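# Coordinate analysis (summary)
These are the residues of each chain, in order.
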Amino acid sequence: MRVNKKYSCLPAEEKGIHIINIRAIEDIGYDQHESTLLNSLSKNPDADCKYGLYFRDGKRKVDYILVYHYKKSSAGKTLTRRVHHNDSSARSTKQNQPLPGKGVQLEMGESEPHVDYHEDDKRFRREEYEGNLVEAGLELERDEDMYQINQTHGLLKKINSVIQKITEPIQPKVAEHKPQTVKRLSYPFSREKQHLFDLSDRDSFFDSKTRSTIVYEILKRTTCTKAKYSMGITSLLANGVYSAAYPLHDGDYEGENVEPNDRKLLCEEWASYGVFYKYQPIDLVRKYFGEKIGLYFAWLGVYTQMLIPASIVGIIVFLYGCATVDENIPSMEMCDQRNNITMCPLCDRTCSYWKMSSACATARASHLFDNPATVFFSVFMALWAATFMEHWKRKQMRLNYRWDLTGFEEEEEAVKDHPRAEYEAKVLEKSLRKEHKHKETDKEKLTWKDRFPAYLTNFVGIIFMVGLTFAIVFGVIIYRISTAAALAISSTPSGRSSVRVTVTATAVIINLVVIIILDEVYGCIARWLTQIEVPKTDKNFEERLIFKAFLLKFVNAYTPIFYVAFFKGRFVGRPGDYVYIFHSFRMEECAPGGCLMELCIQLSIIMLGKQLIQNNLFEIGIPKMKKFIRYMKLKRRRSLDHEEHMKKKQRYEVDYNLEPFAGLTPEYMEMIIQFGFVTLFVASFPLAPLFALLNNIIEIRLDAKKFVTELRRPVAVRAKDIGIWYNILRGIGKLAVIINAFVISFTSDFIPRLVYLYMYSENGTMHGFVNHTLSSFNVSDFQAGTAPNDPMDLGYEVQICRYKDYREPPWSENKYDISKDFWAVLAARLAFVIVFQNLVMFMSDFVDWIIPDIPKDISQQIHKEKVLMVEVFMREEQGKLQMLETWKDKDKKKGENCNNHSPRLSRSHSGSLSSCHSHPLDV
């Protein structure tokens, strides 16, 4: 039954905060108490309550916290007193000594201070909601003191023991990493089968993570329909009835006299930069934060481990380029000043002719990333991506078995259709409108017509933001073109020689700043667009949010890189017939060594900048800044009460000052974007896996420190996989094969070199390749007003200049037309794309096929566990049947004894006398 309650607030300042401590079920299952426990904690907390981790009695542990703000009048303090409230229909208890868990409440000594309508409405909702929580079996306490596993044998056993000894220094010092030889038979808890579980210690049967999850489910499902149709804690939080709701951390993580707890152990063995070389205590992370967060860190750890071989191979490829740069004939020819190759101007009028040898540094640097080893590395990374996905599936299956998630599908099916509070509110609003018009009370649901305005807004919004990204990239292109023209008129030779590097570096920095800003904006817009869709379940909401955020951030991060890789230098035209943007700006050209070097610069600066600024500085700085702001506000509130300021804060007060948990989407997103940098354009930047590895070593400890010390403890969520992120990873892996094929074929000079080597080289070497790729132009064919203003800038008159293209010479009958060499190279490029793509995808699919998703030992253990579970239940049923038969036999004997004493009764009536000598039978 529910007890009527009246709450009073101790006036101190104009604003205050109430804390409601919630304890989970007293018994396994829901303990339906006749009333609730509502205590007002004094200003000096009892030492037995361990600073907020326990109820006032020091025995019952706090599982969840609800926080709400309230306004108080400036009148004098209102005295309060504890009153035991009992009911005539309740069980008999002592009137003067309230029992723990029974009806203790607060009653005002004087009339309540006057509050405005909104505060009164919120108070009304809280009273009803908390009363419903009591009916659900929760205990409340109020505080206003806050401003069998298979064993290996033989050789494998010896190898495993050696590996354990070698890896012992890098294992975290937690109990979960000790070798386990026995796995307890597990089964989802059911109140109908309590006798199968060890309930000797009911308080510790569920850990703190599970208890808080149970409470959270009750909080979500407990409705408050009398106060403007608020449903569940999520709706009450959205409407400001409560300002926060969160489970408590296990205790402090730093200090001399801190009692040992899981949070402290995680801080020492996981959330510390000093243990970066150790494995993660994934089992302890799962125990403390839940399976969903545990799977994220397990996936991040597997991804980081797999980056080690990719980094080693990338370094080898880079060193190969460094070792062969002096043997590269094309770059040697470009650097040879004796060739005296005069190049056509890079812009109209203000730019003059220039020597190809001035681009020597760019040509030599391009060879570091554009060499035959690059093709091998692209194939290797495609196979690496497939191997990584298969390795993670096997690791995930092992975790599922170890964490008892192999039968999670049935449990997930039962809860996945539970509607979100926002969806229920929208359906209720629709029902009220329909009932008002048509007097119908049928159950309603949202149709596509109801969501059509939101869908239209989503479509228009996404198209607009993608167009905005393209417009910004186009603006940066205009900046590059105009800046290159402005710097080209510099009078100093050093200024002219560094034009391309200066323009490229500054443009990439501008792109980086824009990408970081738009990332934050797009994240907020994607969440708003998803909210107006009103998805039915939390799972649908999360998947739609991830899809929108990933689409926008993918376009934002990779559009500048795609431009340099596939569009820059493709549509420039030729001297005398250039393609112009607007009226006077020509399309950009690639450097004589190709666009691959510029692509490398673009990719490296954006990747490193995002990792350093967005992933690290923002993750460290923003939470600390918010925490400092909350601390200053709390300090300002406490400034009038020195005693309150000096005493030690309770656990819920410390946790309230932490940053709320915002979900795993941002954490996954930054790693998925990084995975794209590592795989999509790895042909142009072999060192990408190395920089990703270095970042992730820091990222793991940074995220761990944030979860343990900077964030409120999130509600534990069960999950058996990483969800939609796995499909995104697979999609990126498939896309990476195609993109790398086009980068090698069209962006680098790998294919033109092969064509020249096997079709045009006279001596089977690369001598003459540079001259072969350059076409000639007669300067007399310049359009009017486009010729250089200073044609004698090089000290001699230029009649023929060269440009990079495959066209007929000016002395040919079809001058400046595309030559047959162009078509030969194009055919080779397309053939390479087709062969590379199909070969690599076939190899990836072969790796996928040859590596089983479920390890053989795990599949055997799962099968064995199911068999054992069936045996347990069969023995249980057989035991029941045997007891029933025993009872029937005894009953029959009693009936026979009754017949022997009463021979006058017929045999047909013996059954009706079976209870004549009945006695209790323990079953």
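Per chain, residue numbering runs from 1 following the sequence as it is written. Under the rules for a predicted model, residues below a pLDDT of 70 receive no local features and side-chain atom pairs below 80 are neither given nor counted, while totals for whole chains, interfaces and linings still include all residues. Just so you know, side-chain values use all the structure's heavy atoms and leave hydrogens and water out.

So, on to the overall build of the protein chain. A count of helical and extended segments in the protein chain gives 26 helices and 16 strands. Accessible surface is estimated by sampling points in the Shrake-Rupley manner with a 1.4 Å probe; for residues, cover comes only from the protein chains shown. With an accessible surface of roughly 47,200 Å², the protein chain has 59% of that area assigned to carbon and sulfur atoms. We count a stretch as a helix when DSSP gives it H or I for four or more residues in a row; a strand needs E for two or more, and each element gets its number in order from the N terminus.

We now examine the nonpolar core. Of all hydrophobic cores here, the largest spans 124 residues; its most connected members are Trp299, Tyr303, Trp384 and Phe681. Pairs of residues are marked as contacts when any of their non-hydrogen atoms sit within 4.5 Å. Once residues within four sequence positions are removed from consideration, Phe681 is found in contact with Tyr558, Ile561, Phe562, Ala565, Phe566, Leu599, Leu603, Gly676, Ile739, Asn740 and Val743. Nonpolar core, defined: a set of buried Ala, Val, Leu, Ile, Met, Phe, Trp, Tyr and Cys residues in which side-chain atoms within 4.5 Å join the residues together. Burial classes: relative accessible area under 20% of the type maximum marks a residue as buried, over 50% as exposed, and values in between as partly exposed (1.4 Å probe, protein chains only). One finds Leu133, Ile214, Ile218 and Tyr242 within the second-largest nonpolar core, a separate group that totals 18 residues.

Glancing now at the packing of aromatic side chains. Working definition: a ring pair exists when centres of Phe, Tyr or Trp rings (six-membered ring for Trp) sit within 6.5 Å. Plane angles under 30 degrees give stacked, over 60 give edge-to-face, the rest tilted. Enumeration according to the criterion identifies 39 aromatic pairs in this entry. For the pair Phe554 and Tyr558, a centre-to-centre distance of 4.6 Å together with 55° between the ring planes defines the contact as tilted. Highlighted residues: Phe554 and Tyr558, both in helix α16 (residues 538-567), separated by four residues, approximately one helical turn. Residue Tyr558 is classed as buried on the basis of its relative accessible area, which comes to 1%. When the ring centre of Tyr68 is taken as origin, the NZ or CZ atom of Arg126, which lies over that ring, is 3.8 Å away. A ring is scored as having a charge over it whenever the NZ atom of a lysine or the CZ atom of an arginine sits within 6 Å of its centre and within 35 degrees of its normal. In this arrangement the basic side chain of Arg713 is found over the ring face of Tyr288, its NZ or CZ atom lying 3.9 Å from the centre.

Looking now at the packing of α16 against helix α22 (residues 724-747). Each axis is a line fitted through C-alpha atoms, taken for helices only over the stretch in contact, and angles between the N-to-C directions span 0 to 180 degrees. Running from N to C, α16 and α22 cross one another at 10°; their axes reach a closest spacing of 13 Å. Comparing their axes, α22 and α16 come out roughly parallel. Packed against α16, whose contacting residues are Glu543, Ile546, Phe550, Phe554, Phe562, Ala565 and Phe566, the element α22 presents Ile724, Trp725, Ile728, Ile732, Leu735, Ile739, Phe742, Val743 and Thr747 at the interface. Each residue gets one of three labels, nonpolar for Ala, Val, Leu, Ile, Met, Phe, Trp, Tyr, Cys and Pro, charged for Asp, Glu, Lys and Arg, and polar for the others, Gly among them. For the contact of α16 with α22, the class distribution of residues is 14 nonpolar, one polar and one charged. The cut-offs work like this: below 35 degrees is roughly parallel, past 145 is roughly antiparallel, 65 to 115 is roughly perpendicular, and the gaps in between are oblique.

Quick look at the pairing of strand β15 (residues 774-778) now. Along a regular strand, successive side chains alternate from one face of the sheet to the other. The buried fraction of β15 amounts to four of the five residues, a majority that puts the element mostly inside the structure. Relative to strand β16 (residues 800-804), β15 runs antiparallel, the two being bridged by five bridges. Within the sheet, the bridge partner assigned to Ser776 lies in β16 and is Arg802. Should DSSP find at least two bridges between two strands, the strands are taken to pair.

Turning to a nonpolar patch on the surface, a few remarks are in order. Only residues whose relative accessible area exceeds 30% and that take part in no salt bridge are eligible for patches, with like-charged residues grouped when within 9 Å of each other and nonpolar side chains (Val, Leu, Ile, Met, Phe, Trp, Tyr) grouped when within 5 Å. In the sections that follow, a salt bridge refers to a side-chain nitrogen of Lys or Arg positioned within 4 Å of a carboxyl oxygen of Asp or Glu. Judged by side-chain polarity, Trp448, Phe452, Tyr455, Leu456, Phe459, Val460 and Ile463 come together as a nonpolar surface patch covering roughly 760 Å² of accessible area. Within the element layout of this structure, Trp448 appears in helix α13 (residues 448-488). Relative accessible area serves as the criterion here: at 57%, Trp448 is assigned to the exposed category.

This part covers the environment of Gly314. If you trace the backbone, Gly314 turns up in helix α7 (residues 291-324). Counting along the chain gives 374 residues from Gly314 to Ala688, while the straight-line C-alpha distance between them is 7.9 Å. Setting aside residues no more than four positions away along its own chain, Gly314 makes contact with Phe377, Pro686 and Leu687.

Attention now goes to the state of the cysteines. For this text, the term disulfide refers to a pair of cysteine sulfurs within 2.5 Å. Here the structure, examined in full by the defined rule, presents two disulfides. Two residues, Cys335 and Cys360, share a disulfide whose sulfurs are 1.8 Å apart. Here the disulfide of Cys335 and Cys360 is right-handed, its torsion about the S-S bond being about 95°. With a gap of 25 residues between them, Cys335 in helix α8 (residues 329-335) and Cys360 in helix α9 (residues 360-369) connect regions that are remote in the sequence. The disulfide partner of Cys344 is Cys801, and the S-S distance across this bridge is 1.9 Å.

Mapped onto the elements, Thr457 comes out in helix α13. Sequence separation of Thr457 and Glu533 is 76 residues, and the distance between their C-alpha atoms is 9.2 Å. Once residues within four sequence positions are removed from consideration, Thr457 is found in contact with Trp528, Leu529 and Ile532. At 2.7 Å, the side chain of Thr457 forms a polar contact with the backbone oxygen of Pro453. Side-chain atoms alone can form a polar contact between residues adjacent in sequence; in general such a contact is a pair of N or O atoms within 3.5 Å, and within protein one must be able to donate a hydrogen while the other accepts it.

The tally for this structure, following the rule as stated, stands at 27 salt bridges. Salt-bridge contacts for Lys706 lead to Glu667; the nearest nitrogen and oxygen are separated by 2.5 Å. Taken together, the residues Lys706 in helix α21 (residues 688-710) and Glu667 in helix α20 (residues 665-679) connect sequence positions 39 residues apart. By relative accessible area, which is 6% here, Glu667 ends up buried. As a salt-bridge pair, Asp749 and Lys804 come within 3.3 Å of each other at their nearest N and O atoms.

Here the focus is unusual backbone geometry. Look at Asp404: it is not a glycine, yet its phi comes out positive at around 60°. By secondary structure assignment, the location of Asp404 is in the loop between α10 (372-402) and α11 (408-415).

When two helices pack together, you describe them by how their axes are tilted relative to each other and by the distance separating the axes. At a minimum axis distance of 10 Å, the contact between α7 and α10 shows a crossing angle of 160°. Classified by the angle their axes make, α7 and α10 are roughly antiparallel. Between α7 and α10 lies a crossing of right-handed hand. Looking at the contact of α7 with α10 residue by residue, the classes come out as 22 nonpolar, five polar and one charged. Left-handed is the label given to a crossing in which the near helix is rotated counterclockwise from the far helix by less than a right angle, and right-handed is the label when the rotation is clockwise.

Per-residue confidence for the protein chain averages 75 on the pLDDT scale, and 76% of its residues sit at or above 70. This stretch, residues 902-923, has a pLDDT under 50; its non-local contacts, to residues over four places away or in other chains, come to 14 contacts. Within a predicted model, pLDDT stands for the predictor's per-residue confidence, ranging from 0 to 100.

For the rest of this paragraph, the subject is α16. Multiply 1.5 Å by the residue count of a helix minus one, and that product is the helix's expected span. Over its 30 residues, α16 extends 41 Å from the first C-alpha to the last, a length consistent with the 44 Å expected when each residue adds 1.5 Å. In α16, a bend of some 45° at Tyr558 exceeds every other bend along the element, and Pro560, a proline, comes one to four places later. Phi for Gly569, located one or two positions after α16, is positive at around 80°. Working definition for bend: take the seven residues up to and ending at a residue and the seven starting at it, fit an axis to each, and measure the angle between the axes.

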